[in-house]
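Here are the chains, one letter per residue:
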Amino acid sequence: MNTELPDSSSPEIHNGALREPIPESLLGTVVLDKTGEFEAGSYQSFTLTYTAGRFGIDDSGCLRIAFRFATDQSNPQFSDATAPGYTEVEASNKAVLEARFDPKGNIRPWDRTLQIKIVKGFMKEGDTITVRFGVTDQGSPGMRLQTFCEKRFEFRVLVDPIATYNFQTLAVQPAIEIVPGAAETWVAVIPSICEINKPFTLRIKVEDTWGNPTNKAKARLYIKVRGNIKNLPEHIDINPGKFAHEITGLVVDEEGDFDIVLSTADGTLLTKSNPARAMEKPTLKYYWADLHGQSDETLGTNSAADYFSFGRDMAFLDACAHQGNDFQMTESFWQDLNQVTAEFNEPGRYVTLPGYEWSGNTALGGDRNVYFPAEGRTMRRSSHALIESQHDIDTDCHTAAELFESFAKHNEWDVICFAHCGGRYADITMAHDGRFEKSVEVHSAWGTFEWLVQDAFKCGYRVGIIGNSDGHKGRPGASYPGAGWFGAVGGLTCYIMPDLSRETLIDSIKSRHHYATNGGPSGRIIMDLSATFEQPGTVYQDDPALFANSQGVISSEAMMGDIVHLPSGDLQLSLSVTAASPVRRIDLFNGLDHLECHRPYSAEDLGSRIGVLWEGAEYRGRFRSVVWDGTARFDIAKVSSTQAINFFNRDKTLEVSDESIVKWQSVTTGNFAGFIATLQDGMKGSIEIDTPLVKETIALDAIGLEDTVLDASATLPRALRLFRLPDENPNTSVAFEQRLSPLAGRDNPYYVRVTLEDGTQAWTSPVYILRSIA
């Protein structure tokens, strides 16, 4: 099966048809001095040599060496011979060359471009241009490779031999393979809900320093269990060669919560699994999904088959979907992608949904995810911007409103859409149709977007809340930001449903029976939000305001996502949370109104740990990152230890010097990062904060249970907050109840945001309480 998408920047595509490439005898050839495997994130040096063909290159003609959008390698630079990425270019005939790097210098996905222009002279057949990447002669460490794995990492070379600015792609391109590094971080995953006396599987992997699953581990793992698990081996031997390991046939014979701890022979902790809950006969189970990412046929990395395989075999997802940019997806690739999606769909083990990303400009409505219940459906694109063939252009929908109207016109009522914020943010105030658009994406690798949820509440929409990766690095379900300008790890969604199939997944989405996490260190937390009523109400899964035939059920209780007509009486909202990390705070909202912050400890429990977090985004568009590089100085208290929070980019570090100064480099894109410091004399003196946005000195004895918020908001919220924690917080399982009186004349979307000490966040979909359904 060929899922290779022809490059639209190549002249081999003409009027929608492939034509023979221009012979290398005319355009020239290119060779790389090294081939083979290279470690992700390692420093290397390469020499690329272009030899001119019969055409040569005329005066003012150019050579381009292009890399894919997703790469986070060090950029070529020409000014500092001691810094990463130092690059030299030279012509064999001494022609004068001008080299510059432009991250948007070519047609996507090959847009990160080194362009070399002949500004004096010309090239004739046999002349060469030599490019040395990562020159180490004067102290540069070399060219740092991208931090994620790729089977074929290409140095794509294009030439403009006639100086017409019409670049031709060479027929044969040099490439290397980027592979994972040494084992560093262990991960253990078990199902969130297990039925007692029914077998389940423990899945184990180990990641390198950049989050790539690696096959280079050799270890003997010893197992400790909280709970009673049968059939566990005494130890597990991990040997090089495998990326993931499964221990099957495990059984729990009594109800209750449990987890699995892996350690070395001397008791050193390697990892603890996500928490799990054993139940007698669970009617609903919790399944984890990432339904949003791309492969190299569009803007991502590795093939669509590799993408789905990673989600199943190395991220241990239960469900996955591919979302390529529509304006780059040819009809042939759409058919191939449908075939791959169908091949990976395996009810009970791994569910896939066919779909694409409608990628309209923000002014036309912004990005929307589109999903179908089956393959073979029509893709209604936002445009054909990178597709030469125009044969199906009549199906294009240029605005989000047109997209929804087209689904309705063609009776495609089974289509599901999400609104999200990527490069082009969704403007749901401009266009939204709840008959199709069921949820909004609160978090992805692009950041955290609570403002998108708030937009929905402002407009009175009844939507669910989801999290996905929107990843471009070929790692759905485990999408780390790497060393680029992505500021967050990708999100996950837990879908609550009776079993694992396309039908139940679609039902869960339509009924909003799901919650989102930011994919943090404890991303697979167990959450349950429910409501019980003094007086019976009518519970709907389909919105009665949108569907005239929506059938409600009289009930005295409801779960997250339900829409409830409750004419009178109060309700009791109940939340339970079980996580691998202690709970720091639980925030309860009624739509835009923050009702309460619940902490599982009191002021009397506080000790010598101080939290410092920074958060926010510059604005809604692509370049939303906020730089928080700074220091915290303690004038009297001494820093005994620190815990970094959400430092996923290994280039962004947190360091302590002289036991009194904490220094960091950090960016946020709507999400948050920071640290927890354990202090000696933690009530004495002050802390001096110095960042680009916040400069403030706070007395340590003024930092208590409630957050001290130093606001730096502009277009969107930005702030730095300080708070005090107990010396030990044992609260990994928390139950919270609140009596509520719904307001009349408006929706009451009650939902909860949970924040853990390790930086993990989760959002329930709301329970919508209505006094009237008018």
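The notes below deal with the structure included here. (Residues numbered from 1 in each chain as written. Predicted model: local features only at pLDDT ≥ 70, side-chain atom pairs only at ≥ 80, totals over all residues. Heavy atoms only, no water.)

**Here's the deal with the overall build of the protein**
For step 1, the next point in the chain: A count of helical and extended segments in the protein gives 6 helices and 59 strands.
For step 2, the next point in the chain: Its C-alpha atoms give the protein a radius of gyration of 27 Å, near enough to 28 Å, the size a compact globule of 774 residues would have.
For step 3, the next point in the chain: Across its three principal directions, the C-alpha atoms of the protein cover 85 × 70 × 55 Å.
For step 4, the next point in the chain: When burial is assessed residue by residue, the protein has 60% of its 774 residues classed as buried. (Helix = DSSP H or I, 4+ residues; strand = E, 2+ residues; numbered from the N terminus. Rg over C-alpha atoms; globule rule 2.2 N^0.38 Å. Buried < 20%, exposed > 50% of the residue type's maximum accessible area, 1.4 Å probe, protein only.)

**What about the sheet that holds strand E17 (residues 185-189)?**
For step 1, the next point in the chain: Strand order in the open sheet made by the 4 strands is E17-E19-E23-E21, with antiparallel pairing throughout. On the outer flanks of this sheet lie E17 and strand E21 (229-230), each paired with one strand and no other. (Pairing = 2+ DSSP bridges.)

**Section: the pairing of strand E49 (residues 661-664)**
For step 1, the next point in the chain: As defined by bridge partners, strand E46 (residues 630-634) adjoins E49 across 4 bridges and the pair is classed as antiparallel. Within E49, the position partnered with Arg633 by the bridge is Ile661.
For step 2, the next point in the chain: Two elements, strand E48 (residues 654-657) and E49, share 4 bridges in a ladder whose sense is antiparallel. Across the sheet, the residue bridging to Ser657 is Ile661, located in E49.
For step 3, the next point in the chain: The hairpin formed by E48 and E49 contains 3 residues between the paired strands, and Asp658 there has a positive phi angle of roughly 55°.

**Considering the packing of aromatic side chains**
Each aromatic ring pair is specified by the distance between its two centres and by the angle formed by the two planes.
For step 1, the next point in the chain: Going through the model one piece at a time under the given rule, you end up with 28 aromatic pairs.
For step 2, the next point in the chain: Between the aromatic rings of Phe449 and Trp451, the centroid separation amounts to 6.1 Å while the plane-to-plane angle is 70°, which identifies the pairing as edge-to-face.
For step 3, the next point in the chain: Overall, the relative accessible area of 0% leaves Phe449 in the buried class.
For step 4, the next point in the chain: Take Trp451: its relative accessible area is 9%, and that puts it in the buried class.
For step 5, the next point in the chain: Within the aromatic cluster, the residues linked to one another by ring pairs are Phe38, Phe46, Phe67, Phe133, Phe153 and Phe155. (Phe/Tyr/Trp six-rings, centres within 6.5 Å; stacked < 30°, edge-to-face > 60°.)

**Some words on the pattern of salt bridges**
For step 1, the next point in the chain: Applying the stated criterion across every chain, the model contains 50 salt bridges.
For step 2, the next point in the chain: Residue Lys205 is joined to Glu207 by a salt bridge in which the shortest nitrogen-to-oxygen separation is 3.2 Å.
For step 3, the next point in the chain: Salt bridges sharing common partners tie together Glu450, Arg585, Asp587, Arg599, Glu615, Glu706, Asp707, Arg721 and Arg753. (Salt bridge = Lys/Arg side-chain N within 4 Å of Asp/Glu carboxyl O.)

**Some thoughts on the sheet that holds E48**
For step 1, the next point in the chain: Strand order in the open sheet made by the 5 strands is E48-E49-E46-E52-E53, with antiparallel pairing throughout. The two strands at the open ends of the sheet, each matched to only one other strand, are E48 and strand E53 (695-699). Along the sheet, successive strands turn relative to each other by an average axial angle of 15°, direction set aside.
For step 2, the next point in the chain: In this structure, E46 lies alongside strand E52 (residues 686-690), joined through 4 bridges in antiparallel fashion. The residue bridging Ala632 from the neighbouring strand is Ile689, located in E52. (Axes fitted to C-alpha atoms, helices over the stretch in contact; angles between N-to-C directions.)

**So, empty space enclosed by the protein**
For step 1, the next point in the chain: In total, this model carries 5 cavities of 30 Å³ or more according to the counting rule given.
For step 2, the next point in the chain: Roughly 100 Å³ of volume is contained in the largest cavity.
For step 3, the next point in the chain: Forming the walls of the largest cavity are Pro481, Phe486, Gly487, Asn646, Phe647, Phe648, Asn649, Lys652, Gln665, Ser666 and Val667. (1 Å grid on protein atoms, 1.4 Å probe; cavity = no way out; pocket = protein on both sides within 12 Å on 5 of 7 lines; lining within 4 Å. Points joined across faces, edges and corners; volume = space filled by probe spheres on them.)

**Concerning the side chain of Asn646**
For step 1, the next point in the chain: One can find Asn646 in the loop between strand E47 (638-645) and E48.
For step 2, the next point in the chain: On the basis of relative accessible area, Asn646 is assigned to the buried category, the value being 12%.
For step 3, the next point in the chain: In terms of polar contacts, Asn646 uses its side chain to reach the backbone carbonyl oxygen of Phe672, at 2.9 Å.
For step 4, the next point in the chain: Excluding anything up to four places from it in sequence, Asn646 contacts Pro521, Phe672, Ala673, Asp758 and Gly759. (Polar contact = N/O pair within 3.5 Å; in protein donor to acceptor, adjacent residues only side chain to side chain. Contact = heavy atoms within 4.5 Å.)

**Considering the nonpolar core**
For step 1, the next point in the chain: Counting 70 residues, the largest nonpolar core has Tyr356, Val370, Tyr515, Leu571 and Val754 as its most contacted members.
For step 2, the next point in the chain: If you tally residues by element for this core, the top one is strand E38 (residues 526-540), at 6 residues. (Core = buried A, V, L, I, M, F, W, Y, C linked by side-chain atoms within 4.5 Å.)

**Regarding the pairing of strand E26 (residues 276-279)**
For step 1, the next point in the chain: The pairing of strand E18 (residues 193-195) with E26 spans 3 bridges and is parallel. Each bridged residue has a counterpart across the sheet, and for Ile193 the counterpart in E26 is Arg277.
For step 2, the next point in the chain: The sheet contact formed by strand E24 (residues 256-263) and E26 spans 3 bridges and is antiparallel. Note on E26: the bridge partner recorded for Asp257 is Arg277.

**Observations regarding helix H5 (residues 450-458)**
For step 1, the next point in the chain: Listing the buried residues of H5 in full gives Trp451, Leu452, Val453, Asp455, Ala456 and Phe457.
For step 2, the next point in the chain: On its buried face, H5 sits against strand E32 (416-419), strand E33 (437-444), strand E35 (464-467), strand E57 (747-756) and strand E59 (767-770).
For step 3, the next point in the chain: Of the residues one or two after H5, Gly460 is the one with positive phi, at around 80°.

**Concerning the environment of Ala52**
For step 1, the next point in the chain: Among the secondary structure elements, Ala52 is positioned in strand E6 (residues 46-52).
For step 2, the next point in the chain: For the pair Ala52 and Ala712, spaced 660 residues apart in sequence, the C-alpha to C-alpha distance is 55 Å.
For step 3, the next point in the chain: The residues contacting Ala52, other than those within four sequence positions of it, are Gly28, Met123, Lys124, Glu125, Gly126 and Asp127.

**Let's talk about the side chain of Thr341**
For step 1, the next point in the chain: Take Thr341: it is sitting in helix H3 (residues 331-344).
For step 2, the next point in the chain: Every residue in contact with Thr341, bar those within four places of it in the chain, is listed here: Phe308, Thr352, Leu353, Pro354, Glu375 and Arg502.

**What to know about the environment of Tyr222**
For step 1, the next point in the chain: Within the secondary structure layout, Tyr222 lies in strand E20 (residues 219-226).
For step 2, the next point in the chain: What makes Tyr222 partly exposed here is its relative accessible area of 25%.
For step 3, the next point in the chain: If we skip the residues at most four places from it in the chain, Tyr222 touches Glu234, His235, Val261, Leu262, Ser263, Thr264 and Ala265.

**Observations concerning unusual backbone geometry**
Excluding glycine, a negative phi dihedral is what most residues carry, and trans is how most peptide bonds are arranged.
For step 1, the next point in the chain: The peptide bond linking Arg108 to Pro109 adopts the cis configuration, its omega dihedral lying at 10°.
For step 2, the next point in the chain: Following the sequence through the fold, Pro109 ends up in the loop between strand E9 (96-102) and strand E10 (112-120).
For step 3, the next point in the chain: We note that Asn646 has phi near 60°; this positive angle belongs to a residue other than glycine.

**Focus: the environment of Asp72**
For step 1, the next point in the chain: With respect to the secondary-structure elements, Asp72 resides in the loop between strand E7 (62-67) and strand E8 (87-91).
For step 2, the next point in the chain: Accessibility expressed as a relative area gives 6% for Asp72, which makes it buried.
For step 3, the next point in the chain: For the pair Asp72 and Phe486, spaced 414 residues apart in the sequence, the C-alpha separation amounts to 9.6 Å.
For step 4, the next point in the chain: In contact with Asp72, not counting residues within four places along its chain, are Gln146, Thr147, Phe148, Lys473, Pro481, Gly482, Ala483 and Gly484.
For step 5, the next point in the chain: In terms of polar contacts, Asp72 uses its side chain to reach the backbone amide nitrogen of Ala483, at 2.8 Å.

**Description of the packing of helix H2 (residues 304-313) against H3**
For step 1, the next point in the chain: Where H2 meets H3, the closest approach of the two axes is 9 Å, and the angle between their N-to-C directions is 25°. As the angle between them shows, H2 and H3 are arranged roughly parallel. Our pair here, H2 against H3, has a crossing hand that is right-handed. On H3, the residues that touch Ala304, Ala305, Phe308, Ser309 and Arg312 of H2 are Leu337, Val340, Thr341 and Phe344.
For step 2, the next point in the chain: In terms of residue class, the contact of H2 with H3 is made up of 6 nonpolar, 2 polar and 1 charged. (Parallel < 35°, antiparallel > 145°, perpendicular 65-115°, else oblique. Left-handed = near helix turned anticlockwise from the far one by under 90°. Nonpolar A, V, L, I, M, F, W, Y, C, P; charged D, E, K, R; others polar.)

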